[in-house]
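# Summary of structural features
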Amino acid sequence: MNLAATSTDGASHLVQGGDLSSSAPNRARIPILYVILGVLLVISIVPMYFYSAQVEAINRDRLKTNEMLLQNTVTRSLADDLSQHERSLRMMLANLSSAIQVASGGDIGSKNIEAPELRALLENFVSSSDEVAYATLLNSEAKGISAGRIAPDAFLQRELQHAYDAAHDGRAYNGQALQVEDGKTPRTVVLVSSPVSYGGRFLGMVGAVVDLQFLIGRLREVSGGGLIPYVVDSQGRLVAAASPQYVTGQDMKTLEIVRNFVDAGNKAQLAATKEFDVHEGKKNIEMLGTYSPVTALDWAVVVQKPQLEAYRGVYEMQRTARLLALLAVLLSIGVSIFAARRITNPLQVLTESGRALARGDFSQRVHLRSRTEIGELAETFNTMSKELEQFVEDLKRAAEENRALFLGSIQMLAGAVDEKDPYTRGHSDRVTRYSMMIAKEMKLDAPFMETLQISAQLHDVGKIGIEDRILKKPGALTAEEFEVMKTHTTKGANILRPVTQLAEMLPGIELHHEALDGRGYPYGLKGEQIPLLARVIAVADTFDALTTNRPYQHAHTPEEALDIIQNLAGKRLDPEPVAALMAVYGRGEIRIQRIAIKRAVAPDAAADATAAAAVPAIPGVETANLASLERTRV
């Protein structure tokens, strides 16, 4: 959703480029030919020489800077790769934890820990990634199951104990790098774990042993040309290296660049580059090194290179620059006169075309007959204009495709929940349609409407975790069954909470059964404590519940449903969305399609009577209707 909006905004910004032509000065210009000739007359060979010396010094500094930037780029890239792998693994562990909670019903005690479903989840988790060599699930009694290609040795068992202690304290854990045998060759691995909890209750821990072969491969890719890359932890111990001369766990603090990172501790947030010396026996080697911290892991990616190799280009540039400076002085006078005339006219054409492009006219093209770089520049300009024009169109199209794909995925997820019971088939689509009509009538803004559309579509996603014997029961629910049914709001929110892009939609999913009088669930919020998103969905949800056949009630006519909803306004439902619904229906914009499903409606008379007694009488509304509404499964 946000991606689509961003793409559209970006396209609009490109199209609405600033009008540079409006600010272009209209002063009398001095012909560039005269300027070039005048400068050449003033400048002599001696000033030119000193100028070239200054340029040489600047370029020398730039070459050194470029080498430092190269090292910075390499380390930053590797650090970002590590961070991305860590985030991906954390997301995989979060998904595995959610799947375990759903599969076990929130109970992984000694009776359920050996369940085939949980073992299958672990095995699928390990097989889904070549980087995961081992995975384990431990419950609150430190009993569990595992799957993987390696067997934990004593060192890994100690790491697992540390991870379990951290999980018991509610903390995620990143272990230190270890070398283990996988039956073929030694492998460098690291343990990553997360606690498993449900409703604030500690259930256990899920952990994964990650093979760092991918990191070693990346380090080998960037090595070469004298560049030596490796990764160290916060204590200065080696995690992985491209060179076999370094061993996992080796103390690297003998190198000054590593000591700087260790001494900085938690303050090491940015990359640092410096020159230092390395002693190899009696030999002293001057080095240039850079480290980039991997904050999430308390690691650092380090690269170093002998200065003789790093600054080789500087020495070659110095020799070349002196020779070129002399030749430039001799050739500049003759060439400048010819070049000035060849340059000025095409530059004018390019200037005018550039102003047209700045105004947003991407159809502008330059027509120049020139076999010099100016002609190539004109061709490049034309290519750029064409690609910019296509890029703007692609941005707009991609934004629409991304939005359509996102909404289609949401609809498929909601449809999967609705398909659990033929009585709720199409329920999410109808509630979404009614909610959008209500919001439009209330003149709510476009961002709210977009959030509402997705939240309403997913408002009942938590029912995927409700047992069919309760969801499809052909009669009113008992008090115990209703308590289970009420958990679908928090289940839905918990299912979607790991998806950060859906954070704005969660109030509508979790709170659409709250009531203004505080008698709703799951938290008993009152009045303005309930977000507007949830209040709008509640009205649409209630209307659809009353106008469709359910196992526990026959469908009301729209007029009967509106009478019930109107009597609930100010008590359970927000009067403003109720008024909007009445207005929309009054204009004939809502059409109720009757769908006959041949299944007996067998209401539980005793349960309805009990529920009716608990609901205060509302003039003009049958108490039985309100009791049925109290036990609604929508």
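Remember, predicted model here, so these are calculated numbers, not experimental data.

A few words now on the overall build of the protein. Secondary structure assignment for the protein yields 21 helices and eleven strands. Expressed as a percentage of the 634 residues in the protein, the buried residues total 42%. Across the protein, contacts joining residues at least 24 apart in sequence account for 61% of those joining residues at least 6 apart. When the accessible surface of the protein is totalled, it reaches about 33300 Å², and 56% of it is carbon and sulfur.

Time to look at the sheet that holds strand β10 (residues 283–294). In spatial order, the strands read β8-β7-β11-β10-β9; together these five strands make up an open sheet with antiparallel pairing. One side of each edge strand has no neighbouring strand; the edge strands of this open sheet are β8 (238–241) and β9 (272–280). Here the average twist between neighbouring strands, direction ignored, is 30°. As paired strands, β9 and β10 are joined by nine bridges and run antiparallel to one another. Bridge pairing links E280 to K283 in β10. Set on the sheet, helix α7 (residues 256–264) makes contact with β7 (228–233), β9, β10 and β11 (299–306); between it and β10 the angle comes to about 35°.

Okay, the pattern of salt bridges next. Pairing between side chains of opposite charge can happen when their charged atoms approach one another. The full count for this structure, using the stated rule, is 21 salt bridges. Of the charged contacts, one joins D81 and R218 as a salt bridge, the two residues approaching to 2.8 Å between their closest N and O atoms. Residue D81 is located in helix α3 (residues 45–104), and its partner R218 is located in helix α6 (residues 213–222); the two are separated by 137 residues in the primary sequence. Between R187 and D211 there is a salt bridge, with its nearest N and O atoms 3.7 Å apart.

Summarising burial for β7: five of the six residues are buried, a large majority. Two elements, β7 and β11, share six bridges in a ladder whose sense is antiparallel. Across the sheet, V231 pairs through a bridge with V301, a residue of β11. Where β7 and β8 come together, three bridges link them in antiparallel fashion. Across the sheet, residue V231 finds its bridge partner in β8, namely A240. Hairpin remark: β7 followed by β8, antiparallel, with four residues in the connecting loop; positive phi at G236, about 85°.

All right, on to the packing of helix α11 (residues 427–441) against helix α17 (residues 532–546) then. The interhelical angle for the contact between α11 and α17, taken along N-to-C directions, is 130°, at an axis separation of 8 Å. It follows from the interaxial angle that α11 and α17 lie oblique. Taken as a pair, α11 and α17 cross one another with a handedness that is right-handed. Taking contact as the criterion, the partners of H427, R430, V431, Y434, S435 and I438 in α11 are, on α17, V536, I537, V539, A540, D541, F543 and D544. Here the contact of α11 with α17 is built from residues that sort into eight nonpolar, two polar and three charged.

All right, on to the packing of α11 against helix α19 (residues 575–586) then. The relative placement of two packed helices comes down to the angle between their axes together with the axis-to-axis distance. It is at 8 Å that the axes of α11 and α19 come closest, and there the two elements cross at 100°. As summarised for this structure, α11 and α19 are arranged roughly perpendicular, according to the angle between their axes. Each of M437, I438 and E441 in α11 lies in contact with α19, whose residues at this interface are P577, A580, L581, A583 and V584. Taken together, the residues of the contact of α11 with α19 break down into seven nonpolar, no polar and one charged.

Turning our eyes to something else, we now look at the packing of aromatic side chains. Across all of its chains, the model carries five aromatic pairs by this definition. Taken together, a centroid distance of 6.2 Å and an interplanar angle of 70° make the contact between Y164 and F202 edge-to-face. With Y164 in helix α5 (residues 154–168) and F202 in strand β6 (residues 201–211), this pair connects stretches of sequence that are 38 residues apart.

This brings us to unusual backbone geometry. With an omega of 15°, the peptide bond between Y521 and P522 qualifies as cis. You can see P522 is positioned in the loop between α16 (506–511) and α17. Even without being glycine, K443 reaches a positive phi, approximately 60°. With respect to the element layout, K443 can be found in the loop between α11 and α12 (446–457). Overall, K443 belongs to the exposed group, its relative accessible area being 73%.

Take helix α18 (residues 558–568) next. Taken residue by residue, α18 has P558, A561, L562, I564, I565 and L568 as its buried positions. The buried residues of α18 occupy an angular sector of 160° when the element is viewed end-on, so they sit on one face. G570 sits one or two positions beyond α18 and adopts a positive phi of about 85°.

Right, let's get into the confidence of the model for the protein. Looking at the protein, pLDDT values average 79 and 76% of them are 70 or higher. Mean pLDDT across the elements of the protein bottoms out in helix α20 (residues 605–614) (35) and peaks in α19 (95). Low pLDDT (under 50) marks residues 3–8, which in the prediction has seven contacts with non-local residues, meaning those over four places away or in another chain.

Let us look at a nonpolar patch on the surface. A contiguous nonpolar surface patch, about 390 Å² in accessible area, is contributed by L323, L324, L327 and L331. Mapping L323 onto the fold places it in helix α9 (residues 312–358).

Cut-off values and rules
- Residues numbered from 1 in each chain as written.
- Predicted model: local features only at pLDDT ≥ 70, side-chain atom pairs only at ≥ 80, totals over all residues.
- Heavy atoms only, no water.
- Helix = DSSP H or I, 4+ residues; strand = E, 2+ residues; numbered from the N terminus.
- Buried < 20%, exposed > 50% of the residue type's maximum accessible area, 1.4 Å probe, protein only.
- Contact = heavy atoms within 4.5 Å.
- Areas by Shrake-Rupley, 256 points an atom, 1.4 Å probe, with all protein chains shown as cover.
- Pairing = 2+ DSSP bridges.
- Axes fitted to C-alpha atoms, helices over the stretch in contact; angles between N-to-C directions.
- Salt bridge = Lys/Arg side-chain N within 4 Å of Asp/Glu carboxyl O.
- Parallel < 35°, antiparallel > 145°, perpendicular 65-115°, else oblique.
- Left-handed = near helix turned anticlockwise from the far one by under 90°.
- Nonpolar A, V, L, I, M, F, W, Y, C, P; charged D, E, K, R; others polar.
- Phe/Tyr/Trp six-rings, centres within 6.5 Å; stacked < 30°, edge-to-face > 60°.
- Arc of directions from axis to C-beta.
- pLDDT = per-residue confidence, 0-100.
- Patch = residues over 30% accessible without salt bridge, like charges linked within 9 Å, V, L, I, M, F, W, Y side chains within 5 Å.

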